[in-house]
Amino acid sequence: MNLKFFLPLFFFGVLCFSQEQEEIKKYTLDVNQFYGSVLLHNPDISHLITNHPGGIILGYSRKTYGSKEWEELYNYPDYGASFIYQNMNNNTLGELYGVYAHYNFYFLKRNVQLRIGQGIAYSTNPYDKETNFRNNAYGSDVLSSTYLMLNYHKENIFKGLGVMAGVSLMHYSNANFRAPNTSTNTLALNVGLTYSLDWENELEYIETADREKVKEPIRYNLALRGGVNESDVIGMGQHGFFIVSAYADKRLGRKSAIQIGTDVFFSNFLKELIRFQATSFPEMDVDADDDYKRVGVFLGHELFINKMSVITQLGYYVYYPFDFEGRVYNRIGLKRYFGDKIFGAVTLKSHGAAAEAVEFGIGIRL
């Protein structure tokens, strides 16, 4: 699918331990081998599914123990960096090398681990109209990539050595930065080992008995987003876009807030698409003078994690002169606060599972 859960976790804050724990920083290493299948999410890539991909996942994580409030709220997750090598076992698709920032979240007495990783990947054999025209999955050599791992996870079974095994999902896409962009999703089984550095030293988790409730009045936000994208028509070219967003939010507690607002879209690639359809496909009944601008209203949710937050929004176009992918749109992404009022954001705007663009934004919360 083209939907890219583009959550760029390169915005990790500096997470410091308390003075007693600064001398001992707990790190873990892990290595997993995986083998799986490319999911047929789109019939246009059926010719590319000829074999089972495989590869290796390397991880380096730092553990948290509650010296920051958010760590205890989210059950003391790990954060770190990882690397994935994936051989698609298909000459058209080639190989992929990815680097990621990740979080590890724990459940069921810390025996189940969920890793969420976001990063970039390099494709060794992307689309080329002359030499590799069959690769309609990867339109560029640099791709955005997300991966999920759900593992049974047991650390320090013997002198720091532990085991992990489970299922992984790896997604590669350029989020319509350049056509074509049908993307791939690999579902795989993985098994591996984990090693705890400095395993002899045990640290205790910090627990807070009572917390004050978080109360805030309604806050007002103004954001400007922009970027570059291309329509699904190969060769039409990349064009800049910008979006003006205004919305109100109400904090519900320490973790979340709800939002309501409006977006005004200025997407220049639609100018070219309107002109192309009007002149090349008269049966589509498109007028070359149709307005390319759109206006939407949305409801959203914001999940706060330290100085970052994850945003999800569902919108509906109230001004929609040109039909492109339907009236309903969605946005998911990451915000990073700089002080109390200023924030930056990287988000993916899409229509269902069809990505339209990665948006880079800056805003103010009053």
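Residues numbered from 1 in each chain as written. Predicted model: local features only at pLDDT ≥ 70, side-chain atom pairs only at ≥ 80, totals over all residues. Heavy atoms only, no water.

**Q** Could you clarify how one ought to interpret the environment of Phe 266 in this entry?
**A** Its place among the elements puts Phe 266 in strand β11 (residues 256-267). A C-alpha to C-alpha distance of 8.6 Å links Phe 266 and Val 244, two positions 22 residues apart in sequence. Once you skip the residues sitting within four places of it in the chain, Phe 266 turns out to touch Gly 240, Phe 241, Phe 242, Tyr 292 and Lys 293. (Helix = DSSP H or I, 4+ residues; strand = E, 2+ residues; numbered from the N terminus. Contact = heavy atoms within 4.5 Å.)

**Q** What exactly am I supposed to notice about the pairing of β11 here?
**A** Successive residues of a regular strand alternate their side chains across the two faces of the sheet. Two elements, strand β10 (residues 239-251) and β11, share 11 bridges in a ladder whose sense is antiparallel. Each residue of the ladder has a partner; that of Arg 251, found in β11, is Ala 257. Where β10 folds back onto β11 in an antiparallel hairpin, the turn is made up of 4 residues. Where β11 meets strand β12 (residues 294-305), 10 bridges bridge the pair, whose relative direction is antiparallel. Within the sheet, the bridge partner assigned to Ala 257 lies in β12 and is Glu 302. (Pairing = 2+ DSSP bridges.)

**Q** Which parts of the structure should I look at to understand the side chain of Asn 90?
**A** Its location among the elements puts Asn 90 in the loop between β3 (78-87) and β4 (95-107). A relative accessible area of 10% places Asn 90 in the buried class. At a separation of 2.8 Å, a polar atom in the side chain of Asn 90 contacts the main-chain amide nitrogen of Thr 92. In this view, Asn 90 contacts Leu 48 and Thr 50; residues no more than four positions away in its chain are not counted. (Buried < 20%, exposed > 50% of the residue type's maximum accessible area, 1.4 Å probe, protein only. Polar contact = N/O pair within 3.5 Å; in protein donor to acceptor, adjacent residues only side chain to side chain.)

**Q** Would you explain a nonpolar patch on the surface in this entry?
**A** A contiguous nonpolar patch, built from Leu 29, Val 31, Ile 56, Leu 58, Tyr 60, Tyr 152, Ile 157, Phe 158, Leu 161, Val 163, Leu 193 and Tyr 195 and spanning about 1000 Å² of accessible area, is present on the exposed surface. Relative to the assigned elements, Leu 58 resides in strand β2 (residues 54-62). (Patch = residues over 30% accessible without salt bridge, like charges linked within 9 Å, V, L, I, M, F, W, Y side chains within 5 Å. Areas by Shrake-Rupley, 256 points an atom, 1.4 Å probe, with all protein chains shown as cover. Salt bridge = Lys/Arg side-chain N within 4 Å of Asp/Glu carboxyl O.)

**Q** Even after reading the chapter, I still don't get the pattern of salt bridges, so can you show me in this structure?
**A** Opposite charge on two side chains permits pairing when their charged atoms draw close. The full count for this structure, using the stated rule, is 15 salt bridges. The salt bridge partner of Asp 263 is Arg 331, with a shortest N-O separation of 3.2 Å. One end of the pair, Asp 263, is in strand β11; the other, Arg 331, is in strand β14 (residues 328-338), and 68 residues separate them in sequence. For the pair Asp 263 and Arg 331, a shared accessibility class is recorded, and that class is buried. With a shortest N-O distance of 2.9 Å, Glu 356 and Lys 349 are connected by a salt bridge.

**Q** Teacher, can you tell me more about helix α3 (residues 269-280) here?
**A** Every α-helix carries 3.6 residues per turn, so stepping three or four residues along brings you back to the same face. Taking 1.5 Å of rise per residue, the 12 residues of α3 would be expected to cover 16 Å, and the 16 Å separating its terminal C-alpha atoms lies within 8% of that figure. Residues of α3 that are buried: Phe 269, Leu 270, Leu 273, Ile 274 and Gln 277. The arc that holds every buried residue of α3, seen down its axis, measures 135 degrees, which confines them to one face. (Expected span 1.5 Å × (residues − 1). Arc of directions from axis to C-beta.)

**Q** Whenever I open this one, the sheet that holds strand β7 (residues 161-173) confuses me. Can you help?
**A** Read around the closed barrel, 8 strands run β1-β2-β3-β4-β5-β6-β7-β8, paired in antiparallel fashion. The mean inter-strand angle of the sheet, taken between neighbouring strand axes irrespective of direction, is 25 degrees. As judged from the 10 bridges shared by β3 and β4, these two strands associate in the antiparallel manner. Across the sheet, residue Asn 87 finds its bridge partner in β4, namely Glu 95. (Axes fitted to C-alpha atoms, helices over the stretch in contact; angles between N-to-C directions.)

**Q** What is the right way to look at the sheet that holds β14 in this model?
**A** As a general point, the strands of a sheet are linked pairwise by backbone hydrogen bonds and lie either parallel or antiparallel. A barrel is described by the order of its strands in space; here 8 strands give the closed sequence β9-β10-β11-β12-β13-β14-β15-β16, paired in antiparallel fashion. The mean inter-strand angle of the sheet, taken between neighbouring strand axes irrespective of direction, is 25 degrees. Inspection of the sheet shows strand β9 (residues 219-229) paired to strand β16 (residues 354-365) by 6 bridges, in the antiparallel sense. Of the residues in β16, the one forming a bridge with Arg 225 is Gly 361. Across the sheet, α3 touches β9, β10, β11, β12 and β16, and the angle it forms with β11 is around 50 degrees.

None of the figures reported here should be taken as evidence of function without further support.
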